[in-house]
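Fold and contact review
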Amino acid sequence: MSRTDECPASAGPDSASMIYLDNGATSFPKPDEVYRFMDSFYRRYGVNPGRSGYDLCIESGDLVESTRKLLCGFLGGTDPNRLVFGYNATDALNLAIFGLLRPGDHAVTTHLEHNSSLRPLWHLEQEGVAVDWVDCDAHGYVDPQAMIARLRPETRAVVVNHGSNVIGTVQDVAPVGRACRERGIPLVLDVSQTAGMLPLDMEQLGAGVICFTGHKSLMGPMGIGGMYVHPDVELRQTRAGGTGVRSAQRHHLEEYPYRMEYGTPNLPGIAGLNAGVKWVQQRGVAAIHEHEMDLWRRLRDGLRAIEGVTLYCADEVPGRQRISVLSFNVAGMVAGDVGTMLDVDHGIACRTGLHCAPMIHEHLGTDKLHGSVRFGVGPFNTGAEIDTAVRAVGEIAELGRGRRGGAA
Ligand SMILES: Cc1ncc(COP(=O)(O)O)c(C=O)c1O
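Residues numbered from 1 in each chain as written. Predicted model: local features only at pLDDT ≥ 70, side-chain atom pairs only at ≥ 80, totals over all residues. Heavy atoms only, no water.

1. What to know about the pairing of strand β8 (residues 225-229)
In terms of residue burial, β8 counts as a mostly covered element, since five of its five residues are buried. Residues Gly-225, Met-227 and Val-229 point to one face of β8 and Gly-226 and Tyr-228 to the other, with burial holding for every one of them. Looking at chain direction, strand β2 (residues 83-86) and β8 are connected through four bridges and run antiparallel. Bridging across to β8, Gly-86 finds its partner in Gly-225. In this sheet, β8 lies alongside strand β7 (residues 209-213) in antiparallel orientation, the contact comprising five bridges. Its bridge partner lying in β8, Val-209 is registered against Val-229. (Buried < 20%, exposed > 50% of the residue type's maximum accessible area, 1.4 Å probe, protein only. Helix = DSSP H or I, 4+ residues; strand = E, 2+ residues; numbered from the N terminus. Pairing = 2+ DSSP bridges.)

Here is the structure:
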């Protein structure tokens, strides 16, 4: 019998017996408020929102609209109808990228993107979209001027990953956003890693479309995400389907939010995201970031002191922001083996490999090492957990030294 078959309805999270340092992949556990609200709301009002006029339907529709408003404000948007829900950031980035670019157009992006942007762009390159790929410096930061210098009259989108899921650097996108707005080019900003960890303001960042996922630092469940589309930006529709409104019409509705929403929404996901964002707001984005960065520094300093451990872009550069993921390798060990030892021998969960971001690994040279080991610190981690993780990596590095015959 699998673990899933065994799991009783009242089981607590397995996190009690492990140290979870894979928050870059998804935050876990979620705040209790998220589990409780998802359960209670879906039990009481789990009907298809906005499709009918009975009370339950109105109640579930109200939750969707109030969550729209909540997230619109959280991202610095002005029109809640332009906040559209989808499955995750990948879904939103696909809708944005395919909705903006056509053969003959030009786009600018970076080597730090996640496959959720890289693959749509690679696909479009094959169809005749020209893409300029801008690399980062040795610290993992892209020069905004280098991006601005690539803008052309036929540029129709600039796509930037705000916070790297591999090295944790946060790009200075405001100058790029300003230059884009002056030229009427939408900046598509992937805030998968920064939403809930840094204050975000569409206007200050100059974003045209801001794409988020619910299950990371926004503390919601998986399967919910979306985007805010600035009123000056028009996205071509690349899907069509039911909206529950004007069903006799033969083409998909043009007005927001229906324009970019298709089919039955993820109501339990929206409920969880609602509770997650409220939890983040109550705790404060700045306080969450400070807590995680304190632990990140403790982790970085501990790992840095271990012979045979190489950290990637882990210096804090004055005036530049970063988030709490940290990538490293252990000499003499493949990243995947380190991850297995951390899991099996030390009860520590992390992520190894290329982290769906192959270009930044090429830049680091870690593509030839099967990627890196990544720790992602979350709001529920403690200093004691970080110290245990550092000791565990120390033991693994010692094994690596043994394998290499004691050579550093
Ligand atoms: C920077 C970045 N962009 C996009 C994504 C995709 O998020 P999702 O899998 O929730 O669509 C991730 C997830 O790891 C990410 O870290």
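2. Concerning the packing of aromatic side chains
All told, the structure shown has six aromatic pairs when counted by the stated rule. Ring centres of Tyr-20 and Phe-28 lie 5.4 Å apart, and the angle between their planes is 70°; this geometry places the pair in the edge-to-face category. Looking at Tyr-20, the relative accessible area reads 12%, which means it is buried. Using a relative accessible area of 28% as the deciding quantity, one classes Phe-28 as partly exposed. (Phe/Tyr/Trp six-rings, centres within 6.5 Å; stacked < 30°, edge-to-face > 60°.)

3. Here's the deal with the sheet that holds strand β9 (residues 309-311)
In spatial order, the strands read β9-β10-β13-β12; together these four strands make up an open sheet with antiparallel pairing. Either end of the sheet is taken by a strand with one partner, and the two such strands are β9 and β12 (351-353). Averaged over all pairs of adjacent strands, the angle between strand axes in this sheet comes to 30°, irrespective of strand direction. Relative to strand β13 (residues 372-376), strand β10 (residues 325-330) runs antiparallel, the two sharing four bridges. Following the sheet pairing, Phe-328 is matched in β13 by Val-373. Sitting on the sheet, helix α10 (residues 285-304) touches β9, β10 and β13, and the angle it makes with β10 is about 15°. Most of the contacts of helix α11 (residues 335-346) go to β13, to which it runs at about 45°, and overall it touches β10, β12 and β13. (Axes fitted to C-alpha atoms, helices over the stretch in contact; angles between N-to-C directions. Contact = heavy atoms within 4.5 Å.)

4. Some points on the pattern of salt bridges
Opposite charge on two side chains permits pairing when their charged atoms draw close. Tallied over the entire structure, the rule returns 20 salt bridges. One salt bridge in this structure joins Arg-297 and Glu-316, with 2.7 Å as the shortest N-O distance. You can see Arg-297 sitting in helix α10 and its partner Glu-316 sitting in the loop between β9 and β10, a full 19 residues away along the chain. What makes Glu-316 partly exposed here is its relative accessible area of 34%. A single network of salt bridges, built from pairs that share partners, joins Asp-294, Arg-297, Arg-300, Asp-301 and Glu-316. (Salt bridge = Lys/Arg side-chain N within 4 Å of Asp/Glu carboxyl O.)

5. Section: the packing of helix α9 (residues 267-283) against α10
Here α9 crosses α10 at 80°, and the two axes come no closer than 5 Å. Considered as vectors, α9 and α10 are oriented roughly perpendicular to each other. Here α9 contributes Trp-279, Val-280 and Arg-283 to the contact with α10, which in turn contributes Val-285, Ala-287 and Ile-288. Across the contact of α9 with α10, the residue classes break down as five nonpolar, no polar and one charged. (Parallel < 35°, antiparallel > 145°, perpendicular 65-115°, else oblique. Nonpolar A, V, L, I, M, F, W, Y, C, P; charged D, E, K, R; others polar.)

6. What about the site of the ligand?
Not every one of the 13 residues close to the ligand is listed here, only the nearest: Thr-90, Asp-190, Thr-213, His-215 and Lys-216. With respect to the ligand, the side chain of His-114 contributes an N or O atom lying 3.5 Å from an oxygen atom. Asp-190 is positioned with one of its side-chain polar atoms (N or O) 2.6 Å from a nitrogen atom of the ligand. Taking 390 Å² as the accessible area of the ligand by itself, protein coverage stands at 88%. Within the shell around the ligand, the residues separate by chemical class into one nonpolar, 10 polar and two charged. (Near = heavy atom within 4 Å. Polar contact = N/O pair within 3.5 Å; in protein donor to acceptor, adjacent residues only side chain to side chain. Areas by Shrake-Rupley, 256 points an atom, 1.4 Å probe, with all protein chains shown as cover.)

7. Notes on the environment of Arg-401
Among the secondary structure elements, Arg-401 is positioned in helix α13 (residues 383-403). In this structure, the C-alpha to C-alpha distance between Arg-401 and Gly-332, residues 69 residues apart in sequence, is 7.0 Å.

8. Some thoughts on the packing of α11 against α13
Packing of α11 against α13 leaves a shortest axis separation of 10 Å and a crossing angle of 125°. Regarding the angle of α11 to α13, the classification is oblique. The two elements α11 and α13 cross, and the hand of that crossing is right-handed. In contact with Val-338, Met-341, Leu-342 and His-346 of α11, α13 contributes Ala-392, Val-393, Glu-395, Ile-396, Leu-399 and Arg-403. (Left-handed = near helix turned anticlockwise from the far one by under 90°.)

9. With respect to a negative patch on the surface
Negative charge collects at one region of the surface, where Asp-343, Asp-345, Glu-395 and Glu-398 lie side by side. Put simply, the parts of the chain that give the negative patch at least two residues each are α11 and α13. Secondary-structure assignment places Glu-398 in helix α13. (Patch = residues over 30% accessible without salt bridge, like charges linked within 9 Å, V, L, I, M, F, W, Y side chains within 5 Å. Lys, Arg positive; Asp, Glu negative; His and termini not counted. Charge placed at Lys NZ, Arg CZ, Asp CG, Glu CD.)

10. Observations concerning the sheet that holds strand β3 (residues 106-110)
Spatially, the seven strands line up as an open sheet ordered β2-β8-β7-β6-β5-β3-β4, and their pairing is mixed. Where the open sheet ends on each side, the last strands, each with one partner, are β2 and β4 (130-134). Averaged over all pairs of adjacent strands, the angle between strand axes in this sheet comes to 20°, irrespective of strand direction. Bridging between β3 and β4 involves five bridges; their strand directions are parallel. The partner of Thr-110 across the bridge, within β4, is Val-134. Along the sheet face, helix α3 (residues 55-74) touches β2, β7 and β8 and points at about 115° away from the line of β2.

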